[in-house]
Every structure is written in structure tokens, then in C-alpha cells.
Amino acid sequence: MGTIHVMEHPLIEHKLTLMRDKRTGTKEFRALLQEVAMLMAYELTRSLPLAEVTIETPVTNAQFRVIAGKTLALVPVLRAGLGMLDGILNLIPAAKVGHVGLYRDHDTLQPVEYYCKLPSNLQERDVIVVDPMLATGGSASAALTVVKRHGAVHPKLMVLVAVPEGIKKIQTDHPDVDIYTAAIDEGLNEKGYIVPGLGDAGDRLYGTF
Ligand code: PRP
Ligand code: URA
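Residues numbered from 1 in each chain as written. Chains lettered and ligands numbered in written order. Predicted model: local features only at pLDDT ≥ 70, side-chain atom pairs only at ≥ 80, totals over all residues. Heavy atoms only, no water.

The name that an unreviewed UniProt entry assigns to the protein is Uracil phosphoribosyltransferase, with the source organism given as Alicyclobacillus tolerans. Turning to the protein, the UniProt annotation filed under Sequence similarities (unreviewed entry) states: "Belongs to the UPRTase family." What UniProt states about the protein under its Function (unreviewed entry) heading is, verbatim, "Catalyzes the conversion of uracil and 5-phospho-alpha-D-ribose 1-diphosphate (PRPP) to UMP and diphosphate." (UniProt positions renumbered as here; feature names shortened; annotations may be inferred.)

Now the structure itself:
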């Protein structure tokens, strides 16, 4: 079974609280999402393996460590996942980026796929699927299925806010996937919105109310 990592950090919690406030406008919401994503990426990459290399400094040769292993591939789920991308790329600029386009049908709450463009050789990369909201879990589960279909092995899922329903869905559909979230909220309302949540992440990010 995949692990749930709740990324507790005062800065992450503070910024997420500001994002939850309905008075926070699009410009500030967008900036905050990038900042939180960068902080989450810092925490998520804490366990990356290191390898020894020999470096010639201006003074001498010596052994130091650099990040080893696979290159990262980030896969934001369109649209709202895009709001986290630049924050992560600030820390990991060499990451490859794929896009999966999914929207949640307002009536059925089922994900509808409309776009997919992924880096080659996903099987050789550490893949992180990125989406701020894990509600019913339908969208994230479908995105994980897509990246696995293209070769991803044990992809990770990074979200801002999750609820138990979405976590259960991922654990059922993708028991190999570790979930990284900034918060676990109470649950879903009758319209499938996270409570207390922050509303529709895509709409708040792009001002499409
Ligand atoms: C939001 C969010 C997730 C999805 C979560 O996207 O960004 O992708 O809802 O809900 P789920 O867990 O119940 O599937 P939305 O469908 O609003 O599309 P958008 O990003 O294009 O606004
Ligand atoms: N998608 C969102 O953007 N917000 C929610 O609360 C649920 C799904």
C-alpha cells in the first residue's frame, strides 16, 4: 500500500490558509500556489538518492555528492495542476514535463480525458503527477493510469488538499502510489467539492468564475 505524506511546515500551512480565504484574489492565489508547490517539492525531494562524484575545486580534487538516479518527469493535470508547475521547476529546472488534460464532468463527477503529451522513456524516470485537488480521486486516478500506460513505474502523486474519499480511491486503484499532500480535509459536499477546501482551484487560479 502506498504511503500518505502530509507535508507539515508552518510556511505551507500559512500559505494554504491564505488560499482557502475566499477574499484572496486570482493574482495572490496564483502566487501562493506556486510558493506552496515549491515548498512541497523541497520536502518531497528530501529522500532523493545521492551519489559520490569527484570534483576538481580551484584548490584540490575531492569527493562530493550529487543527486543520483533517474531524471524527474512532472505531469501536471490540466488545468489546475499547471498552477503548481513553475514552483516545482524553480527547484528542479531539469525536470521533463508532460501534460494530461482531464476535466471532471459537473454532473457525473467522472473525469473526461482530452489531452495527453508525455516525455519519452517514462519507465526510466521518477514520475510525479501534480494536481492541487484530490476530491473523489477520479481525475488523479485517471492521470495515474495514463502515465502508467506510457510506462511510468511507481509514480508519485502530489496534491495540495486531499480528502479521505480521494485517498481511498487512489489506494484502491493504485496501491503502489505514494501520495504527498499539504492537508487532509474533512470530506466532500453533495456537489463533490472539498469541505472546507478552497473552492474550484482552476477557477480561482485563472479567474474563470
Ligand atoms: C479539479 C482539480 C482536479 C479535479 C479533482 O479539476 O484540479 O483535477 O477537479 O476532482 P476529483 O478528485 O473529484 O476528480 P477540474 O475538473 O475542475 O478541471 P480544471 O482543472 O480544468 O478546472
Ligand atoms: N475540484 C476542485 O477544484 N475543488 C474541489 O473542491 C473539488 C474538485
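Here the narrative resumes, following the displayed structure.
Draft legend 1. Region of the structure containing the site of ligand 1. Looking at ligand 1, there are 15 residues lining it, with R104, D131, T136, G137 and S139 nearest. Residue R104 places a side-chain N or O atom 2.7 Å away from an oxygen atom belonging to ligand 1. Taking G137, its main chain carries an N or O atom lying 2.8 Å from an oxygen atom of ligand 1. Contact with the protein chains removes 92% of the 500 Å² of surface that ligand 1 exposes when unbound. A majority-of-atoms criterion places ligand 1 in the largest pocket. Going through the elements one at a time, strand 6 (99-104), strand 9 (133-134) and helix 4 (138-149) are the ones with two or more residues in the shell around ligand 1. Across the shell around ligand 1, the residue classes tally to six nonpolar, five polar and four charged. (Near = heavy atom within 4 Å. Polar contact = N/O pair within 3.5 Å; in protein donor to acceptor, adjacent residues only side chain to side chain. Areas by Shrake-Rupley, 256 points an atom, 1.4 Å probe, with all protein chains shown as cover. 1 Å grid on protein atoms, 1.4 Å probe; cavity = no way out; pocket = protein on both sides within 12 Å on 5 of 7 lines; lining within 4 Å. Sits in = over half its atoms within 2 Å of the grid points. Helix = DSSP H or I, 4+ residues; strand = E, 2+ residues; numbered from the N terminus. Nonpolar A, V, L, I, M, F, W, Y, C, P; charged D, E, K, R; others polar.)

Draft legend 2. Just the UniProt feature "domain: Phosphoribosyltransferase" (unreviewed entry) in the protein, in detail. Mapped onto this numbering, the UniProt entry annotates "domain: Phosphoribosyltransferase" (unreviewed entry) at residues 6-208. In this annotation, residues 6-208 is assigned 33% helix and 30% strand; the end-to-end C-alpha distance for the span is 29 Å.

Draft legend 3. Quick peek at the pairing of strand 4 (residues 72-78). Counting buried positions along strand 4 gives seven out of seven residues, so the element sits mostly inside the fold. Where burial is concerned, the two faces of strand 4 agree: the one with L72, L74, P76 and L78 and the one with A73, V75 and V77 are both buried. The pairing of strand 4 with strand 8 (residues 126-130) spans five bridges and is classified as parallel. Residue L74 lies in a different strand from strand 8, and its bridge partner there is I128. Bridge count for strand 4 against strand 5 (residues 96-97) is two bridges, and the pairing is parallel. Pairing of L74 across the sheet is with V97, part of strand 5. In this region the chain leaves strand 4, passes through helix 3 (residues 82-91) and returns to the parallel neighbour strand 5; the handedness of that crossover is right-handed. Sheet analysis places strand 4 next to strand 6, joined by two bridges and oriented parallel. Residue L78 lies in a different strand from strand 6, and its bridge partner there is G101. (Buried < 20%, exposed > 50% of the residue type's maximum accessible area, 1.4 Å probe, protein only. Pairing = 2+ DSSP bridges. Right-handed = clockwise from strand over helix to strand, strands pointing away.)

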